[in-house]
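Chain by chain, the residues:
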Amino acid sequence: MNNVISMSGVTKTFGRTRALDGLDLQVSAGEVHGFLGPNGAGKSTTIRVLLGLLRADAGTVRMLDGDPWKDAVALHRRLAYVPGDVTLWPNLSGGEVIDLLGRLRGGLDKSRKADLIERFELDPRKKGRAYSKGNRQKVALIAALASDVELYLFDEPTSGLDPLMEAVFTDCVGELRARGRTVLLSSHILAEVEKLCDRVSIIRDGRVVETGTLAELRHLTRTTITAELIGAPNGLSGVHGLKVDGNRVTFQVDSGDLDEALRQLSASGVRSLTSQPPTLEELFMRHYTGAAR
Amino acid sequence: MTGTLSLVRLILRRDRIVLPLWVIILGVLPISQTSGIRGLYSTPQELEAFAASMRATPAFSALYGPLLDSTAPALGIWRAGFIPVIIALASVLMVIRHTRVEEESGRRELLGSTVLSRNAALSAALIVTSGASAVLGLTVFATFAGTYPVAGAAAAGLGYFLVGAVFAAVGAVAAQLTESASAARAIGLSALGVFFLVRMAATVSEATWLSWLSPLSWGQKLRPFAGEEWWPALLLVAGFVVLAYAAYALSARRDVGAGLLPPSLGPAEAAPGLSSPLALAWRMHRGPLIGWSAGMAFAGLVIGSAAQAASDALAGNETVMRMLTAMGAAGGVGDLFIAMLVSVFGLGVAGYAIQAALKARGEESLGRAEPLLAAAVSRVGWAGSHVFFAFAGPAIALLVAGAGVGLSYGLAGGDVGTQLPRTIGAALSQLPAAWTLAGLALALFGLLPRLTALAWGVLLLFLLFGQVGAVLELPRALLDLSPFTHSPRLPGGDVSAAPLLIMAGIAAALTAAGLYGLRRRDIQV
């Protein structure tokens, strides 16, 4: 499968701050790729490099088979972008901004626009200065979603939206996936990513520390096992956080040691067993608290 | 008043560089003018002759107000007659900066949720701005009191202080009226413009009663160094109290963030034409363009008729006419008057040119350039839309200013056909100088985007060169740095194409450098 976005060893410094520090990111065609990280990890910087707004100091960046810095204008006809903090022109109405951005991108679908305005419950007649944060966000989302392009770049697009509108956004991304579009969705809302994304990259301090499908990422981490045994547990080795309460045990185990742990459990006889795969949140916390040292 | 003191400290912290700078620069200008005049004209006779020549030139009175006496400090204070206008300008802008701008940006809301009384922000802005004028007034008092009569020094300082305070209150009222800071600024600055024109009309025309209508004239009614009168200070105090009361009353009647004038709805769909960066730029630049053009046209009409009045009044005076001819005003009083004020148009329009050029940087730092550049818009295409208005806007403003002068001057003299092309030409001859400032602003935007405010500093410097350069006998080479030194004195003077073409060339080169820099740098928020 060919890559829509391919970044390797990308570095970007602002004065003394190193915003990107050898970042590698691959997004293949047709996938919804989650881009996870806390504030300041370099998510927006990465997207702004992809948009050709910032120039990478080192490393290679390819997007839609072009150079985002040199071929910016040509590439931008094929993508749509929603920033996390939308500022609008105070004297333009929301409807005007949607039309303007769509036209500058090379045209937008009128009926889809009308549909989106209805679904997001936006009053397009209000002037830019009169919109609340969530409504400004909706204006940018509608402008982007109404354009039929190959790649959608969303930088924390749902900040300021209420849960109902977040659900509308989730539906819209689902429709994009169904149409085979590629989406890079930066977020720190794990539930959103878990619901939408095929693959996930986790970024920390300007570097991608983990990338893969959710299943693959889970594979890298520990599963929580709770079991009620017939006999007393004995000789459980290679497990973490073991808690024994009579015949009841709870522990975490690395995926590689799971088989051995189960063998040891069955030696004592198992009455009931629940296994819980790690949530994205646990994955995430492990990278951010565990590795922060 | 809870929290006012903390907000005062916040404002002082935010303005810790700009505020002392303008207070000190404006505060020492009057004494430097006075010392300069005393250095050039040492005997009472020479001072008297100088004063007579100044009185014979209504253009000066139009700018500075009436000349009240011929002592060195009286002449110095009069020659600094533009300073109260600059103080008023700074006061209006500063109060709006710390009230409506904060509300519009939402920062006010963040503060409003802390323990803060409803009017704390307004009070703090008024206190700091009036306080700055007070320090400025004290500076003037202190610099004069050592050498010149104490009463005069006190009247001069008091006048500056109170004019600053009154215009701080004007800014406070303007800040209550609209939701957007730019509309509030337009209201405040229009009020200042009207008061300035009223002072001008009161000075050069027969209708001296007009001077009672402009706070800018009230300061001069204190008559520093010319038989001080103290009661007009009450007029200024009353003006301050009434306006400040109005501001508080208006503030009490509205929500945070709201204005008195309700926001209007716009169209649900964009017009077909709104499909390019230039079309978007037009939406952003048309307000200032219309405002500047209307203001310049009005100023032009006033100045044209004042020029006619001045030239009628002096037509019979042989001595004065001979002196004026010697000063290089072959075309007579009217031409000399118009030429002087047209050069002021040049300075004003240069400010507009910088403002229009820096709109691009404003868009960038507000994050509004990003969605455009993330669409299929090139950087040069985007910036070019603002460059267009930075160059075309001043041209239009000067064109209508020249047309205004020519119409009213020509109508009064019965020769519109002759005057119109002359005055339009005179106004447009100021354009290349204004363009160089636009070019400078664009070069900074492309190459040193964090330092774009320098363009304003440079304009202020050139403005000071023009105001005090001759009096302070600054070296020629320094004065030559200012493009305004090279603008011709039209109508009636000589004009050569070379300096105008060179200035236009410099403006173009600076713009090209800016666009080159923009293509290579990061887009910064």
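Residues numbered from 1 in each chain as written. Chains lettered and ligands numbered in written order. Predicted model: local features only at pLDDT ≥ 70, side-chain atom pairs only at ≥ 80, totals over all residues.

Undergrad: Would you mind showing me how to read the overall build of chain A here?
TA: Scanning chain A from N- to C-terminus turns up ten helices and 13 strands. The buried share of chain A, taken over its 293 residues, is 45%. In chain A, once contacts between residues fewer than 6 apart in sequence are set aside, the share between residues at least 24 apart is 71%. (Helix = DSSP H or I, 4+ residues; strand = E, 2+ residues; numbered from the N terminus. Buried ≥ 20, exposed ≤ 12 C-beta atoms within 10 Å, placed from the backbone. Contact = placed C-beta atoms within 7 Å.)

Undergrad: Would you explain the overall build of chain B in this entry?
TA: Secondary structure summary: chain B contains 23 helices and zero strands in total. Taken over the C-alpha trace, chain B has a radius of gyration of 24 Å; the compact-globule value for 525 residues is 24 Å, and the two agree within 12%. In terms of principal-axis extent, the alpha carbons of chain B reach across some 70 × 55 × 40 Å. Per-residue burial for chain B yields a buried fraction of 50% across its 525 residues. Sequence-distant contacts in chain B: of pairs separated by 6 or more residues, those separated by 24 or more amount to 77%. (Rg over C-alpha atoms; globule rule 2.2 N^0.38 Å.)

Undergrad: Please clarify how the nonpolar core should be interpreted in this entry.
TA: Side chains that are nonpolar tend, in soluble globular proteins, to be buried together. A:I142, B:A169, B:A172, B:A353, B:A357, B:A438 and B:A441 are the most contacted members of the largest nonpolar core, which totals 231 residues. Those residues within four positions of A:I142 in sequence are excluded, and the remaining contacts are A:I98, A:K113, A:L116, A:I117, A:F120 and A:L122. One finds A:A227, A:V249, A:F251 and A:A261 within the second-largest nonpolar core, a separate group that totals eight residues. (Core = buried A, V, L, I, M, F, W, Y, C linked by C-beta atoms within 7 Å.)

Undergrad: Just to check I follow, could you spell out the environment of B:G259 for this structure?
TA: Residues and elements named next belong to chain B. Mapped onto the secondary structure, G259 falls in the loop between helix 13 (232-252) and helix 14 (277-314). Of the residues examined, G259 has 20 C-beta atoms within 10 Å and is grouped as buried. Measuring from C-alpha to C-alpha, the distance between G259 and A174 comes to 10.0 Å, with 85 residues separating the pair along the chain.

Undergrad: Teacher, can you tell me more about the sheet that holds strand 4 (residues 58-63) of chain A here?
TA: Sheets are built from strands paired through backbone hydrogen bonds, the pairs being either parallel or antiparallel. Residue and element names in this part refer to chain A. Within the open sheet, the three strands sit side by side as 2-1-4. Their pairing is antiparallel. Because the sheet does not close on itself, it has two edges, and the strands there are strand 2 (17-28) and strand 4. Strand-to-strand twist across the sheet, computed as the mean angle between neighbouring axes with direction ignored, equals 15°. By the bridge criterion, five bridges tie strand 1 (residues 3-14) to strand 4 in an arrangement that is antiparallel. Opposite M7, over in strand 4, you have V61 as the bridge partner. (Pairing = 2+ DSSP bridges. Axes fitted to C-alpha atoms, helices over the stretch in contact; angles between N-to-C directions.)

Undergrad: Hey, could you run me through the pairing of strand 2 of chain A in this one?
TA: The side chains of a regular strand alternate between both faces of the sheet. Residue and element names in this part refer to chain A. With nine bridges connecting them, strand 1 and strand 2 associate as antiparallel partners. Directly across from V10, in strand 2, lies its bridge partner L23. Counting the residues that bridge the hairpin from strand 1 to strand 2 gives two residues, and of these G15 lies at a positive phi of roughly 60°.

Undergrad: What is the right way to read the environment of B:A508 from this model?
TA: Among the structural elements, B:A508 can be located in helix 23 (residues 497-520). Separated by 373 residues in the primary sequence, B:A508 and B:V135 place their C-alpha atoms 42 Å from one another.

Undergrad: Would you mind going over helix 5 (residues 72-79) of chain B with me for this structure?
TA: In an α-helix, one full turn covers 3.6 residues, which means residues spaced three or four apart are oriented alike. Helix 5 of chain B sits mainly inside the fold: eight of its eight residues count as buried. Every buried residue of helix 5 of chain B is listed here: B:A72, B:P73, B:A74, B:L75, B:G76, B:I77, B:W78 and B:R79.

Undergrad: Would you mind showing me how to read the sheet that holds strand 8 (residues 199-204) of chain A here?
TA: All names here are of chain A. Read across the sheet, six strands follow the order 5-6-7-3-8-9 without closing on themselves; strand pairing throughout is mixed. Pairing within the sheet leaves two strands with one partner each, and these edge strands are strand 5 (79-82) and strand 9 (207-213). Across the sheet, the axes of successive neighbouring strands diverge by a mean angle of 15°, strand direction being ignored. Two elements, strand 3 (residues 32-36) and strand 7 (residues 182-187), share five bridges in a ladder whose sense is parallel. Bridged to G34 within strand 7 is L185.

Undergrad: What am I meant to see in unusual backbone geometry here?
TA: A negative phi holds for most residues other than glycine; trans holds for most peptide bonds. Residues B:L490 and B:P491 are joined by a peptide bond in cis, for which omega reads 0°. Along the polypeptide, B:P491 turns up in the loop between helix 22 (476-479) and helix 23. A positive phi angle, near 60°, is found at A:D65, a position not held by glycine. Even without being glycine, A:E156 reaches a positive phi, approximately 45°. By the element assignment, A:E156 lies in the loop between strand 6 (151-155) and helix 6 (163-178).

Undergrad: How should I be thinking about the packing of helix 2 (residues 18-40) of chain B against helix 6 (residues 83-98) of chain B in this particular structure?
TA: A packed helix pair is summarised by two numbers, namely the angle formed by the two axes and the spacing between the axes. Residues and elements named next belong to chain B. It is the contact of helix 2 with helix 6, at a shortest axis distance of 11 Å, that shows an interaxial angle of 165°. When the interaxial angle is binned, helix 2 and helix 6 end up roughly antiparallel. With respect to the hand of their crossing, helix 2 and helix 6 are arranged in left-handed fashion. Here W22, L26, L29 and P30 of helix 2 lie close against helix 6, whose contacting residues are I83, I86, I87 and A90. By residue class, the composition of the contact of helix 2 with helix 6 is eight nonpolar, no polar and no charged. (Parallel < 35°, antiparallel > 145°, perpendicular 65-115°, else oblique. Left-handed = near helix turned anticlockwise from the far one by under 90°. Nonpolar A, V, L, I, M, F, W, Y, C, P; charged D, E, K, R; others polar.)

Undergrad: Explanation requested: the interface of chain B and chain A in the structure shown.
TA: It is common to give the size of an interface as the accessible area lost on bringing the parts into contact. At the interface, 28 residues of chain B touch 32 residues of chain A. Among the secondary structure elements, those contributing two or more residues to the side of chain B that touches chain A are helix 14 and helix 17 (369-373) of chain B. If one sorts the elements of the side of chain B that touches chain A by residue count, helix 17 of chain B sits on top with four residues. Its residues placed into classes, the side of chain B that touches chain A shows 17 nonpolar, five polar and six charged.

Undergrad: Mind showing me how you'd approach the domain arrangement of chain A here?
TA: Partitioning chain A into structural domains gives domain 1 (3-217) and domain 2 (222-277). Inter-centroid distance (C-alpha atoms) of domain 1 of chain A to domain 2 of chain A is 43 Å. (Domains from an automatic or database assignment.)

Undergrad: Whenever I open this one, the domain arrangement of chain B confuses me. Can you help?
TA: Residues and elements named next belong to chain B. What the domain assignment reports for chain B is domain 1 (1-35 + 83-258) and domain 2 (275-520). Computed from C-alpha atoms alone, the centre-to-centre distance between domain 1 and domain 2 is 27 Å. On the domain 2 side, the residues contacting the ten residues of domain 1 number ten residues. Listing elements by their share of the side of domain 1 that touches domain 2, those giving two or more residues are helix 2 and helix 11 (181-204). By residue number, the principal contributor to the side of domain 1 that touches domain 2 is helix 11, which donates six residues. Its residues assigned to classes, the side of domain 1 that touches domain 2 comprises six nonpolar, four polar and no charged.

Undergrad: Could you clarify how one ought to interpret helix 6 of chain A in this entry?
TA: Residue and element names in this part refer to chain A. The end-to-end C-alpha distance of helix 6, which contains 16 residues, comes to 23 Å, matching closely the 22 Å that a straight helix rising 1.5 Å per residue would cover. Contacts from the buried residues of helix 6 go to strand 3, helix 5 (133-145), strand 6, strand 7 and helix 7 (190-196). Looking one or two residues beyond helix 6, the residue adopting positive phi is G180, at roughly 80°. (Expected span 1.5 Å × (residues − 1).)

Undergrad: Sorry if this is basic, but what is going on with the pairing of strand 6 of chain A here?
TA: All names here are of chain A. Burial analysis of strand 6 places five of its five residues in the buried class, which makes it a mostly covered element. The two faces of strand 6 match: L151, L153 and D155 on one face and Y152 and F154 on the other face are all buried. Pairing geometry for strand 5 and strand 6, over four bridges, is parallel. Opposite A80, over in strand 6, you have Y152 as the bridge partner. Strand direction decides the pairing type here: strand 6 and strand 7, joined by five bridges, are parallel.

Undergrad: Would you mind going over the packing of helix 18 (residues 379-413) of chain B against helix 23 of chain B with me for this structure?
TA: Residue and element names in this part refer to chain B. With their axes 10 Å apart at the nearest point, helix 18 and helix 23 run at an angle of 145° to one another. Every pair of crossing elements has a handedness; the one defined by helix 18 and helix 23 is right-handed. Here helix 18 contributes R379, V380, A383 and V387 to the contact with helix 23, which in turn contributes T511, L515, L518 and R519. Here the residues of the contact of helix 18 with helix 23 are counted per class, giving five nonpolar, one polar and two charged.

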